[in-house]
Amino acid sequence: MKLHPEGKIVILTGAGVSRESGLNTFRDADGIWAQVRIEDVATPEAFARDPEGVQAFYNDRRAGLCDVAIKPNPAHLALAELERDWPGDVLLVTQNIDDLHERAGSHNLIHMHGELFKARCEACSAVHAWRDDLQVSSRCPACGQSGGLRPHVVWFGEMPFEMERIATELESCDLFLSIGTSGSVYPAAGFVQEVRMAGRGHTVELNLEPSEGRDLFHEHHHGPASEVVPAYVRSLLKGAARR
């Protein structure tokens, strides 16, 4: 596939990218949802019923992300390089709530499922950077109320962030890359179909193994993200340099 150097690229990343940095995935057989029940830690109802338990669950996730051993891997770094060096627009949409894309150098980024290093106040809706533990007694820096700060993540039953913007970008993109995602979690699993329906973009899957939506992609490259993503980015940038 030859892409014009000024073509618009939209990239979707999932847990398979962060897994190679040492973070546990949620949906694998040995993942987080095999150890705890979604209903107990990742719904608005769970937070209303047991705020201490929900905060403890996300405090553990936050502490794990602070581990000095957790670093961006070659896939993160390659995507940051693509954003920096591609002549056209590059938008990265991630389902991951970690900050590894930012650490790698990505800037044009949408965290559709939220960010672990942020807290949101249910009383005033203010969003704050937050790297420490969250407690039920924690006070909102904006309104001063306690008891309303929650992880700034999208729970089951809630709408992901910036869906209108994402839909607009998908409709107008020339290349859609789906990286490290199973293709089973909606609405992200439906992005490739949105691109195909728009009739414009070329769709590429870069994944450890074929996803559930594999038949919707024009092109497939399977293997570890830390290998297939840098290789694909190199081919894109090399093609742009020749134009």
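Residues numbered from 1 in each chain as written. Predicted model: local features only at pLDDT ≥ 70, side-chain atom pairs only at ≥ 80, totals over all residues. Heavy atoms only, no water.

**Brief notes about the sheet that holds strand S4 (residues 114-121)**
Taken in spatial order, the 3 strands line up as S5-S4-S6 in an open sheet, and their pairing is antiparallel. The open sheet has two edge strands with one neighbour each: strand S5 (127-129) and strand S6 (149-153). Neighbour to neighbour, the strand axes of the sheet diverge by 45° on average, direction disregarded. When S4 meets S5, the two strands line up antiparallel, connected through 3 bridges. Looking at the pairing, Arg-120 lines up with Val-127 of S5. (Pairing = 2+ DSSP bridges. Helix = DSSP H or I, 4+ residues; strand = E, 2+ residues; numbered from the N terminus. Axes fitted to C-alpha atoms, helices over the stretch in contact; angles between N-to-C directions.)

**Some points on the packing of aromatic side chains**
The description of an aromatic ring pair uses the distance of the two centres, along with the angle that the planes make with each other. Scanning the entire structure with this criterion turns up 3 aromatic pairs. On the basis of an interplanar angle of 45° and a centroid distance of 5.4 Å, the ring pair of Phe-47 and Trp-155 is categorised as tilted. Remark: Trp-155 occurs in the loop between S6 and helix H7 (163-172) and Phe-47 occurs in helix H3 (residues 44-49); sequence separation between them is 108 residues. As far as burial versus exposure is concerned, Phe-47 and Trp-155 are alike and both buried. Residues Tyr-58 and Trp-155 carry aromatic rings whose centres are separated by 6.4 Å and whose planes lie at 45° to one another, so their mutual orientation is tilted. With Tyr-58 in helix H4 (residues 51-65) and Trp-155 in the loop between S6 and H7, this residue pair connects regions lying 97 residues apart in the sequence. (Phe/Tyr/Trp six-rings, centres within 6.5 Å; stacked < 30°, edge-to-face > 60°. Buried < 20%, exposed > 50% of the residue type's maximum accessible area, 1.4 Å probe, protein only.)

**Re empty space enclosed by the protein**
For the structure on display, the rule yields 1 cavity of 30 Å³ or more. Here the largest cavity is characterised by a volume of approximately 70 Å³. Secondary structure elements with two or more residues in the lining of the largest cavity: strand S7 (175-179) and helix H8 (191-198). Grouping the amino acids of the lining of the largest cavity by side-chain chemistry returns 7 nonpolar, 5 polar and no charged. (1 Å grid on protein atoms, 1.4 Å probe; cavity = no way out; pocket = protein on both sides within 12 Å on 5 of 7 lines; lining within 4 Å. Points joined across faces, edges and corners; volume = space filled by probe spheres on them. Nonpolar A, V, L, I, M, F, W, Y, C, P; charged D, E, K, R; others polar.)

**What to know about the packing of H7 against H8**
Close contact between H7 and H8 brings their axes to 8 Å; oriented N to C, the two are set at 45°. What the angle tells us is that H7 and H8 run oblique. Judged by the twist between their axes, the crossing of H7 over H8 is right-handed. Here Met-163, Ile-166, Ala-167, Leu-170 and Glu-171 of H7 come into contact with H8, specifically with Phe-191, Glu-194, Val-195 and Ala-198. Split by residue class, the contact of H7 with H8 holds 7 nonpolar, no polar and 2 charged. (Parallel < 35°, antiparallel > 145°, perpendicular 65-115°, else oblique. Left-handed = near helix turned anticlockwise from the far one by under 90°. Contact = heavy atoms within 4.5 Å.)

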